[in-house]
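# Fold and contact review
Next come the chains, spelled out residue by residue.
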Amino acid sequence: MAEVKNFLKEIISLPGLSGYEAPVREAIARHWEPLVDELQVSRLGSLEALKRGRGTEPRHSILLAGHMDAVGLIVTQVKGRFLRITDLNGVDPRVLPGQPVVVHGRKELHGVVIQPPDNLVEDHKNRAPFGIEELYVDVGMEAEELEELVHSGSMVSFATTPIEMGEDILAGHTMDDRTAVAAITYCLEILRKRIHSWDVWAVATVQEETAYAGAYTSGFSLKPDLAIAIDVTHAKGPGTSEKSIPDLGKGVALGQGPNVNRGLYDRFKKLVEELEIPHQVDVMASHSGTDAFALQVIRGGRASMVLSIPLRYMHTPVEVVSMKDIRRVGRLLAEFITDLDDTILEELQKEVEA
Amino acid sequence: MKQLIKNLVETTGPSGFESEIRALVRAEVESYVDEIRVDALGNLITRKGKKSEGGKRIMVAAHIDEIGVMVTHIDENGFMRFTNIGGVNPFNLSGGRVRFVNGTAGVIGVESPRERGSVPGMEKFYIDVGARGKADCPVKVGDAAAFDRPFEDLGERLVSKAMDDRIGAAIMIQALKELKSSPNELYFVFTTQEEVGLRGATTSAYGIDPEIGIAVDITGVGDTPNSEKMDVGLGKGPALKVKDRSLVVDPRIVDWMVRTAERENLPYQYEILTYGGTDAGAMNLTRAGVPSTCISIPTRYAHSPSEMVDYQDVLNCVKLLLGAVSHPVTLD
């Protein structure tokens, strides 16, 4: 990876809606191929990459999960020259009107999301935002042709161009969770020059946004001893609370809550302090809303951790992230993996039982 | 097939209390399968055939439980308060009838019945089984009931309180009876506890470890007055699932179902359900992952005591299921 920003710009621009991740998976595989020993695709389509450790067999393994699926839209009806839509996994309809999109029909069609003009809609008082069922996608095509190319069920991706805001900040769609894929890639690059004893499974998971499907299934088949989910978290911004919310550009947010093993958290905390990596706490009081939720419990369970990348305006086409935070997460992962030894699992278990 | 449907839908079997309906299904399918067993959660698991070259292990699932209620409290006068088993909308309750698993019939009353306005919460409703008091009440706390309505044959349209998902079970039973040969190892599973969290499918799929999963279940429609904007209607053929709340169907599987429908000359429609999920969601997450879908029967008034389906849709679902499972499966 020449540079995190360029890598990210490339992979956020590739389609990969939940369940339809093949295009982005192929690009990630090309980047990972020189960095790992083995690559495979799971039954559900997750990309599973193995970087072998130097320890004696049977080796322990750690799984790093970053989900590659994206939120977006789905066509629910072809209505004349326009397409009715609904959201695929939670998109705020208030930000949609005016957004450029790509409709994945029999061929790719460029279009825009539109809303009826307020003054033409009876009963539309107070200029309240329209619900998603009132919005359409316009691809500038006649009805007959559109009917041929698109059907209800056709997927729709965001097509917003990434926007560089100064050196460090990038805005665009699908930062959730391609930033994690970037962080894992950065980690794999560092590990290339390191000796580590554990096996590392880097996994770009599918269908996190629908059901943590990739995490459940790769967690089952790869049988990791430890699991770390890397995901984005809401950063401070207009409307967020002043307290306890991670800040953009201010460092790795260490997940803390029931989906995170206490002992693992303590070790990560100690490590960021030693390495002087800027860090903050991401409070996840119940469900973490990440792949760790699944990885923690599948096949008997294991200690799991969440590393969060602060992000503003989640699930909108203009998610804002800091490149520094991504590199910090990647570096922290690499350092943690390099330090892994034979004793940690036993120690963690002792701490659980204490 | 209508008699089979009538028998299935008129049997009482709320989630967790599926013994009677399971016995009925068992009697229907026993002579058509090679192996039959019941697992710890009460799923009826049948196997037909062995995997031959080009074949796959396919699990087909319809759930035999239905929504219902469970008694939480009985007052001195014999009136029972209850909670829901699965997705029960209080909107559908008043004046309805229930049938307990032990056979007792009851009617549903509501406090202050003359009050107009918004629908009261479930806590304002009660069941009356005609008891004189608590002492002679034939039902106790913890007893379960399903809604009670006779099957109606309206000709092309059929109505019942339990189309969800006895119609799926009927389609599978009919398909088993008509199935001639298949290169696939077929597990037809009649699952339990779907309405309370896809629980039967979770365990049966784990035990079977299939390569492909197909649920047969109902879906909503957008063809009634002021209904939601959904491009699915009665009589327009089986609905092929693209997405619901429990999964996004693998595009290779969607394509396989479309090709099957076209090969069999069947009408079909695409289903995007913005609420609810089916056993396909549970199968999808099983073990290392099982690409799964759902053949959906368009249904009006789902989760009401009067769920309506189109008979031609039902027959076409049988043909689609048969077409899908009796040929080699190619995904690309």
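Residues numbered from 1 in each chain as written. Chains lettered and ligands numbered in written order. Predicted model: local features only at pLDDT ≥ 70, side-chain atom pairs only at ≥ 80, totals over all residues.

## Things to note about the sheet that holds strand β12 (residues 199–205) of chain A
Residue and element names in this part refer to chain A.
- The eight strands lie next to each other as β1-β2-β12-β3-β13-β16-β14-β15, forming an open sheet whose pairing is mixed. A strand with exactly one partner marks an edge of an open sheet, and here the two such strands are β1 (38–41) and β15 (279–283). Going from strand to strand, the sheet's axes swing by 25° on average, the running direction of each strand aside.
- Pairing geometry for strand β3 (residues 61–67) and β12, over seven bridges, is parallel. Across the sheet, L64 pairs through a bridge with A202, a residue of β12.
- In the packing of helix α4 (residues 175–191) onto the sheet, the strands contacted are β2 (47–51), β3, β12, β13 (226–234) and β16 (303–311), and the crossing angle to β13 comes to about 135°.
- Lying over the sheet, helix α9 (residues 323–339) contacts β3, β12, β13, β14 (252–256) and β16, oriented at roughly 160° with respect to β16. (Pairing = 2+ DSSP bridges. Helix = DSSP H or I, 4+ residues; strand = E, 2+ residues; numbered from the N terminus. Axes fitted to C-alpha atoms, helices over the stretch in contact; angles between N-to-C directions. Contact = placed C-beta atoms within 7 Å.)

## Some thoughts on the environment of E346(A)
All names here are of chain A.
- Counting through the fold element by element, E346 comes out in helix α10 (residues 344–353).
- Classification of E346 by C-beta neighbours within 10 Å gives exposed; the count is 9.
- Sequence separation between E346 and V95 is 251 residues; the distance between their C-alpha atoms is 49 Å. (Buried ≥ 20, exposed ≤ 12 C-beta atoms within 10 Å, placed from the backbone.)

## Points about the interface of chain A and chain B
- Contact with chain A, which involves 24 residues of that partner, is made by 22 residues of chain B.
- Sorting the residues of the side of chain A that touches chain B by element identifies β4 (72–79), β5 (82–88), α5 (208–211) and α6 (213–222) of chain A as the ones contributing at least two each.
- Broken down by element, the residue count for the side of chain A that touches chain B peaks at five residues, all from α6(A).
- For the side of chain A that touches chain B, a count of residues per class yields eight nonpolar, 13 polar and three charged. (Nonpolar A, V, L, I, M, F, W, Y, C, P; charged D, E, K, R; others polar.)

## Describing the domain arrangement of chain B
Residues and elements named next belong to chain B.
- Annotation of chain B at the domain level lists domain 1 (2–66 + 150–325) and domain 2 (68–147).
- Computed from C-alpha atoms alone, the centre-to-centre distance between domain 1 and domain 2 is 30 Å.
- In this assembly, 14 residues from domain 1 lie in contact with 13 residues from domain 2.
- The residue inventory of the side of domain 1 that touches domain 2, partitioned by class, reads five nonpolar, six polar and three charged. (Domains from an automatic or database assignment.)

## Comments concerning the packing of helix α1 (residues 2–9) of chain B against helix α3 (residues 163–178) of chain B
Residue and element names in this part refer to chain B.
- Running from N to C, α1 and α3 cross one another at 135°; their axes reach a closest spacing of 9 Å. Here α1 lies oblique to α3, going by the angle between them. Crossing of α1 over α3 shows right-handed handedness. Contact with α1, carried on its side by L4, I5, L8 and V9, involves M163, R166, I167, A169, A170, I173 and Q174 of α3 and no other residues of that element.
- Class assignment for the residues of the contact of α1 with α3 results in nine nonpolar, one polar and one charged. (Parallel < 35°, antiparallel > 145°, perpendicular 65-115°, else oblique. Left-handed = near helix turned anticlockwise from the far one by under 90°.)

## Focus on the environment of F336(A)
Residue and element names in this part refer to chain A.
- Inspection of the secondary structure puts F336 in helix α9.
- For F336, a count of 23 C-beta atoms within 10 Å gives the class buried.
- Between the alpha carbons of F336 and H173 there is a distance of 30 Å; along the sequence they are 163 residues apart.
- Not counting residues up to four positions away in its chain, the partners in contact with F336 are F268 and L271.

## Digging into the confidence of the model for chain B
- For chain B, per-residue confidence averages 96 on the pLDDT scale, and 100% of positions sit at 70 or higher.
- Among the scores for the predicted complex, ipTM is 0.91 and pTM is 0.94. (pLDDT = per-residue confidence, 0-100.)

## With respect to the domain arrangement of chain A
Residues and elements named next belong to chain A.
- The domain architecture assigned to chain A consists of domain 1 (4–70 + 174–353) and domain 2 (72–158).
- Computed from C-alpha coordinates alone, the two centres of domain 1 and domain 2 are separated by 33 Å.
- Taken together, the 11 residues of domain 1 in the interface contact 13 residues of domain 2.
- Per-class residue counts for the side of domain 1 that touches domain 2 are five nonpolar, five polar and one charged.

## Describing the nonpolar core
- Counting residues in hydrophobic clusters, the biggest one holds 205 residues, and the most contacted among them are L64(A), A183(A), V60(B) and L321(B).
- Ranked by residue count, the leading element in this core is α4(A), at 10 residues.
- Those residues within four positions of L321(B) in sequence are excluded, and the remaining contacts are V60(B), I171(B), A175(B), V216(B) and I295(B). (Core = buried A, V, L, I, M, F, W, Y, C linked by C-beta atoms within 7 Å.)

## A short note on α1(B)
Residue and element names in this part refer to chain B.
- Listed as buried for α1 are I5, L8 and V9. Each buried residue of α1 sits inside an arc of 90° when the element is viewed along its axis, so together they form one side.
- Close packing links the buried residues of α1 with α2 (19–29), β11 (157–160) and α3. (Arc of directions from axis to C-beta.)

## Looking at the sheet that holds β11(B)
Residue and element names in this part refer to chain B.
- Taken in spatial order, the three strands line up as β10-β11-β17 in an open sheet, and their pairing is antiparallel. Across the chains shown, the open sheet's two edge strands, defined by having one partner strand only, are β10 (152–153) and β17 (307–310).
- Where β10 and β11 come together, two bridges link them in antiparallel fashion. When the sheet's bridge partners are listed, E152 is paired in β11 with V159.
- Against the sheet, helix α7 (residues 311–325) touches β11 and β17, its axis set at about 65° to β17.

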